[in-house]
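What the coordinates show
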Amino acid sequence: MTPPASEPSRNRVRYLYLAVVAAVVAGAVVGLLAPDFAQELKPIGTAFVNLIKMMISPIIFCTIVLGIGSVARAAEVGRIGLVTIAYFLVMSTLALAIGLVVGNLLHPGAGLHLDPSSVAEAKSQAEGARAPPTSCSASSRTRWCRR
């Protein structure tokens with residue numbers, strides 16, 4: 001007797017990339033067609049980004065712990081650690097070199113002519129905008145004036 005034909009396994013993980021691209025396109029469309037509604041959805045997006053940030057550290061920690069735990073010999077863990085440090089040093093040096101080359105070629109900030117007095121004036125204006133009011137009336141209920 002022949003075994004029954006099995007259905008191909010449906011792996012939903014491989015469709016995750018398409019779901020993310022579709023969500024980005026949908027977000028752009030909503031932002032273009034209904035900007036007020038998109039502003040109301042901002043707390044949902046902020047909460048999602050905060051959840052992702054919250055999960056990054058535990059995922060990295062578990063990945064490192066499981067990677068080290070799966071290695072049978074301690075010498076191999078040391079070798080992997082040295083390779084990791086060497087990779088970090090090489091990539092950091094490469095990033096620094098790229099930054100220096102781009103900075104020296106493009107000269108960022110070359111067109112800005114700032115004098116210290118204008119910077120001090122802008123700073124005092126910014127601090128004045130954040131200063132709490134000196135008196136609180138019944139009509140001025142802001143975060144600085146609470147009952």
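All of the points below concern the structure found in this document.

Here is what the cut-offs are and how they apply
- Residues numbered from 1 in each chain as written.
- Predicted model: local features only at pLDDT ≥ 70, side-chain atom pairs only at ≥ 80, totals over all residues.
- Heavy atoms only, no water.
- Helix = DSSP H or I, 4+ residues; strand = E, 2+ residues; numbered from the N terminus.
- Buried < 20%, exposed > 50% of the residue type's maximum accessible area, 1.4 Å probe, protein only.
- Patch = residues over 30% accessible without salt bridge, like charges linked within 9 Å, V, L, I, M, F, W, Y side chains within 5 Å.
- Areas by Shrake-Rupley, 256 points an atom, 1.4 Å probe, with all protein chains shown as cover.
- Salt bridge = Lys/Arg side-chain N within 4 Å of Asp/Glu carboxyl O.
- Expected span 1.5 Å × (residues − 1).

**Points about unusual backbone geometry**
For His107, which is not glycine, the phi torsion reads 50 degrees and is therefore positive. Topologically, His107 is positioned in the loop between helix H4 (74-106) and helix H5 (116-130). Taking relative accessible area as the criterion, His107 reaches 49% and is therefore assigned partly exposed.

**As for a nonpolar patch on the surface**
A surface patch of nonpolar side chains, amounting to about 900 Å² of accessible area, comprises Tyr87, Val90, Met91, Leu94, Ile98, Val101, Val102, Leu105 and Leu106. Among the structural elements, Val101 can be located in helix H4.

**A short note on H4**
Given a rise of 1.5 Å per residue, 33 residues ought to cover 48 Å, and the 48 Å separating the end C-alpha atoms of H4 matches this to within 8%. The first or second residue beyond H4 is His107, which carries a positive phi of 50 degrees.

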